[in-house]
Amino acid sequence: MLRTLLFQYIRLILVFTSVLFTSACQQKSESYSNSIFALGTIVDFTIVHRDPAIIQRASQSIQQDLDYMHFAFHAWQPGPLSRINQLLETTATFTVNPSVLPLIQTSKELSLQSQGLFNPAIGHLVRLWGFQSDFGPEDETPPDSEKLQQLVSSKPSLADIVIDNVQMHSKNPAVRLDMGAIAKGYALDRIIEHLQDQGIQSAIINAGGDLKAIGQHSQGRPWYVGIKHPRQANAVLAGLNVMPGESVFTSGDYERFFVHENRRYHHIIDPRTGYPASQSQSVTVITESATRADAASTALFIAGPKDWPAIAAAMNIKYVLFVDAEGNAEATPEMLKRMQEINPALKLISRSLP
Amino acid sequence: MTLADRLLLAFVIPGIALFAYNTWQPSTQAKQVEIITPFEKKIVPLYANTSMMLAGALGKSKIDIDHHRARFSSSPCKTKFCIHQGWASHSGELRACLPNKISLRLIGQTSKFDSITF
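Residues numbered from 1 in each chain as written. Chains lettered and ligands numbered in written order. Predicted model: local features only at pLDDT ≥ 70, side-chain atom pairs only at ≥ 80, totals over all residues. Heavy atoms only, no water.

**Some points on the overall build of chain B**
Then, in step 1: Helix and strand content of chain B: 2 helices and 8 strands.
Then, in step 2: Along chain B, from the amino end to the carboxyl end, the secondary structure elements read α-β-β-β-β-β-α-β-β-β.
Then, in step 3: Within chain B, contacts between residues separated by at least 24 positions form 40% of all contacts whose residues are at least 6 apart in sequence.
Then, in step 4: In the form shown here, chain B has an accessible surface area of approximately 6300 Å², with 63% of it arising from carbon and sulfur atoms. (Helix = DSSP H or I, 4+ residues; strand = E, 2+ residues; numbered from the N terminus. Contact = heavy atoms within 4.5 Å. Areas by Shrake-Rupley, 256 points an atom, 1.4 Å probe, with all protein chains shown as cover.)

So, in structure tokens, the structure goes:
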């Protein structure tokens, strides 16, 4: 009896010691953060891994991937997308650059789901407003209303684009692609895939306020993200734990805009009116695909307070925080459950999707 | 209301207000500012009040540091959005002149948030 107990005791000690040794031998994960200029904005990222060489390689690949996609998806500088725009205008059939084709195909699906509110075919409208510029609108005045009306009535839509394998043509010469409302999301999805291919399991990438995360923080907790207040520079609306693989995207009227005669004109153009959508201040959505999140945040912003739940349901977005033009907020019950440290000044109500 | 009640209110209400203010600020006071330009990346302490001219993609931007805060005070960009953003005063806050490719981010005590969506 005593012998058995002694053996059990020794066995316990051995197991405990081996566990201690195993933990001590494991290299501690390192966390590396950096900020770079890419996609016309600032991209912040944090990569967690125990091997500094892999972190270094992954960091370089982020810059290279972003630079390539910036070139490929740029709407007004020479490159694959601007060439496609030239060819779409002719309505003739042409072979599409393979670096842009998947983005256009995905955009067609999402545009349809959003009932045309996410519409990357309105490049002519965006250009007329002056937002196709690295330096902001040249002339900070709204465009001529007749010109706007003319472009709206030409009804450019992604449904006008016909894709047959790698060939494409437009049925409407007014189509001009501007991927500003989806390219960032698409880029984040591709970058995260590339990081995972390199063995990175935990990272967070924020491209101009829109982010995607995998794994968790180096402290072994979920990534914790703040949602910026649309009108107060130093305040947040709430905090969120981001689950591995999730994307958090916000569309707001406060990032790219100009003020003319005390009225704010921002870059999110309503394709139905030709004017900036005026009934929303910001929309934050969470979903796994950054591409979908990007398109959906824009579509819901344009939909406004009346229609955002229907569009969110159509686009399969469960987590939404919507702030209207007066600063009143609505969140889906699922989103509400996830929001932490909610700003006490926020007038927030729950609203279910249909 | 007794004197004790009044004393309690006098201390508790400002206490709660202070707690709420600190809680809903995105981060804590910064110690340094990280500045990125097309030509360099550097970290500058925030304790000294100073100004600096930095070369960017378009020309020179001026950054002011004052009482643990930092801001753009001049820039060659057209919109001047970087200047309109005002002072950054908390750890994690970012100010950027995208056309001139210069950004500043306050760093210091650990920020409550790993990232901010906006």
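**So, the packing of aromatic side chains**
Residue and element names in this part refer to chain A.
Then, in step 1: Scanning the entire structure with this criterion turns up 11 aromatic pairs over all chains.
Then, in step 2: Each residue in the set W129, F131, F258, Y265 and Y275 is aromatic and connected to the rest through ring pairs, giving one cluster.
Then, in step 3: The ring of Y186 carries R190 above its face, with NZ or CZ at 4.5 Å from the centroid.
Then, in step 4: Positioned above the aromatic ring of F257, the side-chain terminus of R264 is 4.4 Å from the ring centre. (Phe/Tyr/Trp six-rings, centres within 6.5 Å; stacked < 30°, edge-to-face > 60°. Lys NZ or Arg CZ within 6 Å of the ring centre and 35° of its normal.)

**Let's talk about the sheet that holds strand β4 (residues 161–164) of chain A**
All names here are of chain A.
Then, in step 1: Read from one edge to the other, the open sheet built from 3 strands follows the order β3-β5-β4, with strand pairing classed as antiparallel. Looking at strand neighbours, the two that pair on one side only are β3 (94–95) and β4, the edges of this open sheet.
Then, in step 2: Relative to strand β5 (residues 167–170), β4 runs antiparallel, the two sharing 4 bridges. Among the inter-strand pairings, V162 is bridged to a residue of β5, identified as H169.
Then, in step 3: Together, β3, β4 and β5 form the strand contacts of helix α3 (residues 80–90), whose direction differs from that of β5 by roughly 60°.
Then, in step 4: Helix α4 (residues 101–113) rests against β4 and β5 of the sheet, and its axis sits at about 125° to β4. (Pairing = 2+ DSSP bridges. Axes fitted to C-alpha atoms, helices over the stretch in contact; angles between N-to-C directions.)

**So, the interface of chain B and chain A**
Then, in step 1: Taken together, the contacts link 30 residues of chain B with 43 residues of chain A.
Then, in step 2: Summed over both sides, the interface between chain B and chain A buries roughly 3000 Å², with carbon and sulfur atoms accounting for 58% of that surface.
Then, in step 3: At the junction of chain B with chain A, the criterion picks out 3 salt bridges.
Then, in step 4: For B:R105, the salt bridge goes to A:D44, with nearest N and O atoms at 2.2 Å.
Then, in step 5: Summed over the shared surface of chain B and chain A, the result is 14 residue pairs in polar contact (both at pLDDT 80 or more).
Then, in step 6: Of all elements in the fold, only β1 (30–36), β6 (94–97), β7 (102–108) and β8 (115–117) of chain B reach the threshold of two or more residues within the side of chain B that touches chain A.
Then, in step 7: The leading source of residues in the side of chain B that touches chain A is β6(B), at 4 residues.
Then, in step 8: Looking at chain direction, strand β8 (residues 223–228) of chain A and β8(B) are connected through 3 bridges and run parallel. Its bridge partner lying in β8(B), A:I227 is registered against B:T117. (Buried area = accessible area lost by both parts, 1.4 Å probe. Salt bridge = Lys/Arg side-chain N within 4 Å of Asp/Glu carboxyl O. Polar contact = N/O pair within 3.5 Å; in protein donor to acceptor, adjacent residues only side chain to side chain.)

Note that all results are geometric; they support no functional claim without further evidence.
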